[in-house]
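Remarks on the overall topology
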Amino acid sequence: MSAKREAKLIGWLRAAERVLAFCGAGVSAESGVPTFRGAGGLWEGHRVEDVATPEAFERDPLLVWRFYAARQKALQEVEPNPAHRVLAAMDAHFPEFLLVSQNVDNLHERAGSERLVKLHGSLMETRCTECERVTPCDPLPEAELDAGRLPHCRCGGLLRPNVVWFGEYLLAEHLRALEAFFERAAPDGKASPPVVLIIGTSGSVSGGYGLTQAARRSGARLVEINPAPSLLSREVDLPLREPAGVLLARIWPEVTREQR
Ligand code: NAD
Ligand code: ZN
């Protein structure tokens, strides 16, 4: 059964000129980065939703920074997995490609992805709460936080992690990039339908941000790669129930093999 579905995906990708991948925490799971739900959703006894909100930062910026400093540090101990690497290879392969990831880790960048929209921001950037300046950063030294010192901008404003917290809006330019992908015609005017890969997301945070509806309107083929069903599963044409790294590493040589 699943071999048949896999062959279908390979055929679609071989024919495709436009591919969009919409990813979530599951893509980094095989690198050892825990998904929120998978880890029990708790950090030092706090619900993740309670340390990742603007209210939490107002109330206790040190606590919130300790949470993010620990995640920054953990990133230094993990590597991109085959799913990140195949997504980077897709970027190089397809004329029209967009990777839209909800992940705030830096594994897509480290694997070489370029046409990348980081919908929820980046763990390795700070943003000033006064002047809004965004700056790449190293992991915040825990000793500084232990001493009660918070990071500040050169303007004097308090710095926060440049991530989209629960209850905050996505950047309009990111949503536009998503829309623009579906508005663009096939490069050569031929009508090969776009392929949308939904990989490793439960859909519980995003509900997909209207992505599946936009994809449908554009005539796209929707594929889900996730070992477990998600809230988006009933909207896809082709569910593939396997870890993303395992599946993508197996199919990619088939997609790119020269045909005679
Ligand atoms: P989620 O934690 O809600 O869901 C993870 C999904 O990944 C689940 O559906 C699970 O079945 C699936 N999954 C687990 N292992 C997989 C694998 N090997 N291959 C494919 N799928 C696999 O994740 P979400 O939907 O991204 O929402 C979580 C929110 O938390 C997002 O806002 C995200 O920004 C954030 N988050 C990010 C990271 C990260 O940057 N790596 C990690 C945890 C959470
Ligand atoms: Zn500033």
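To start, this report covers the structure provided alongside it. All values derive from a computational prediction rather than experimental measurement.

Calculation notes
Residues numbered from 1 in each chain as written. Chains lettered and ligands numbered in written order. Predicted model: local features only at pLDDT ≥ 70, side-chain atom pairs only at ≥ 80, totals over all residues. Heavy atoms only, no water. Donors = N, O, S within 2.8 Å, 3.2 Å for Na, K, Ca; no water. Tetrahedral: all angles 85-135°; square planar, octahedral: opposite > 155°, others 65-115°. Helix = DSSP H or I, 4+ residues; strand = E, 2+ residues; numbered from the N terminus. Buried < 20%, exposed > 50% of the residue type's maximum accessible area, 1.4 Å probe, protein only. Phe/Tyr/Trp six-rings, centres within 6.5 Å; stacked < 30°, edge-to-face > 60°. Near = heavy atom within 4 Å. Polar contact = N/O pair within 3.5 Å; in protein donor to acceptor, adjacent residues only side chain to side chain. Areas by Shrake-Rupley, 256 points an atom, 1.4 Å probe, with all protein chains shown as cover. Nonpolar A, V, L, I, M, F, W, Y, C, P; charged D, E, K, R; others polar. Pairing = 2+ DSSP bridges. Core = buried A, V, L, I, M, F, W, Y, C linked by side-chain atoms within 4.5 Å. Contact = heavy atoms within 4.5 Å. Axes fitted to C-alpha atoms, helices over the stretch in contact; angles between N-to-C directions. Expected span 1.5 Å × (residues − 1). Arc of directions from axis to C-beta.

**Notes on the coordination of the zinc ion (ligand 2)**
Summarising the metal site, the zinc ion (ligand 2) is bound by the protein donors Cys 128 (SG), Cys 131 (SG), Cys 153 (SG) and Cys 155 (SG), whose distances to it range over 2.3 to 2.4 Å. Given 4 donor atoms and angles of 102 to 122° at the metal, the environment of the zinc ion (ligand 2) is assigned as tetrahedral. In the primary sequence, the donor residues of the zinc ion (ligand 2) line up as C-x2-C-x21-C-x1-C. Of this pair, Cys 131 sits in the loop between strand 6 (121–128) and strand 7 (134–136) while Cys 155 sits in the loop between helix 8 (142–146) and strand 8 (159–163); the two residues are 24 residues apart in sequence, bridging distant segments of the chain. The exposure class of Cys 131 is partly exposed, given its relative accessible area of 39%. Overall, Cys 155 belongs to the partly exposed group, its relative accessible area being 45%.

**Digging into the packing of aromatic side chains**
Using the criterion set out here, one finds 5 aromatic pairs in the structure. Between Phe 57 and Trp 165, the aromatic rings sit 5.4 Å apart at their centres with planes inclined by 45°, giving tilted as the arrangement. Residue Phe 57 is found in helix 4 (residues 54–59), and its partner Trp 165 is found in the loop between strand 8 and helix 9 (172–183); the two are separated by 108 residues along the sequence. Accessibility expressed as a relative area gives 8% for Phe 57, which makes it buried. Three or more aromatic residues joined by ring pairs make a cluster, and in this case those are Phe 57, Phe 67, Tyr 68 and Trp 165.

**A closer look at the site of ligand 1**
Gln 102, Asp 105, His 120, Thr 201 and Ser 202 are the nearest of the 29 residues found near ligand 1. Contact between ligand 1 and His 120: an oxygen atom at 2.7 Å from a side-chain N or O atom of the residue. Here Ser 202 contributes a side-chain N or O atom positioned 2.5 Å from an oxygen atom of ligand 1. Coverage of ligand 1 by the protein amounts to 90% of the 850 Å² it exposes when considered alone. Looking at the shell around ligand 1, the element that brings in the most residues is helix 2 (residues 26–29), giving 3 residues. Partitioning the shell around ligand 1 into residue classes produces 12 nonpolar, 13 polar and 4 charged.

**Re the pairing of strand 6**
Among the 8 residues in strand 6, 7 count as buried, and that is most of the element. Two elements, strand 6 and strand 8, share 5 bridges in a ladder whose sense is antiparallel. Paired with Ser 122 across the bridge in strand 8 is Asn 162. As consecutive antiparallel partners, strand 6 and strand 7 are separated by 5 residues, and within that stretch Glu 132 has a phi angle of approximately 75°, a positive value.

**Topic: the nonpolar core**
Judged by nonpolar contacts, the single largest core of 29 residues is most densely connected at Leu 9, Leu 13, Met 90, Leu 197, Ile 199, Val 223 and Leu 248. Among the secondary structure elements, those contributing two or more residues to this core are helix 1 (2–15), strand 1 (18–23), helix 6 (82–93), strand 4 (96–101), strand 9 (195–199), strand 10 (221–225), strand 11 (238–240) and helix 11 (244–256). Examining the composition of this core, we find that 6 residues originate from one element, helix 11, more than from any other. With near-sequence residues (within four places) excluded, Val 223 lies in contact with Leu 9, Trp 12, Val 195, Val 196, Leu 197, Ile 198, Val 236, Leu 238 and Leu 240. Within the second largest apolar cluster, 22 residues are counted, among which are Val 51, Leu 63, Leu 75 and Leu 123.

**Examining the sheet that holds strand 1**
Across the sheet, which stays open at both edges, the 6 strands sit in the order 5-4-1-9-10-11 with parallel pairing between neighbours. The strands lining the two open edges of the sheet, one partner per strand, are strand 5 (116–118) and strand 11. Along the sheet, successive strands turn relative to each other by an average axial angle of 15°, direction set aside. The sheet contacts of helix 1 involve strand 1, strand 9, strand 10 and strand 11, and relative to strand 11 the element is tilted by about 115°. Strands strand 1, strand 4, strand 5 and strand 9 of the sheet are contacted by helix 9, whose axis makes an angle of about 145° with strand 4.

**Brief notes about the side chain of Ser 113**
Looking at the element boundaries, Ser 113 is found in the loop between helix 7 (107–111) and strand 5. According to the relative accessible area criterion, Ser 113 is buried, its value standing at 8%.

**Things to note about helix 9**
The end-to-end C-alpha distance of helix 9, which contains 12 residues, comes to 16 Å, matching closely the 16 Å that a straight helix rising 1.5 Å per residue would cover. When we look at burial in helix 9, the residues that qualify are His 174, Leu 178, Phe 181 and Phe 182. Seen end-on, helix 9 carries its buried residues on one side only, within an arc spanning 95°. The exposed residues of helix 9 that point more than 90 degrees off its buried face are Glu 173, Arg 176 and Glu 183. At its buried positions, helix 9 is contacted by strand 1, strand 4, strand 5, strand 9 and helix 10 (211–217).

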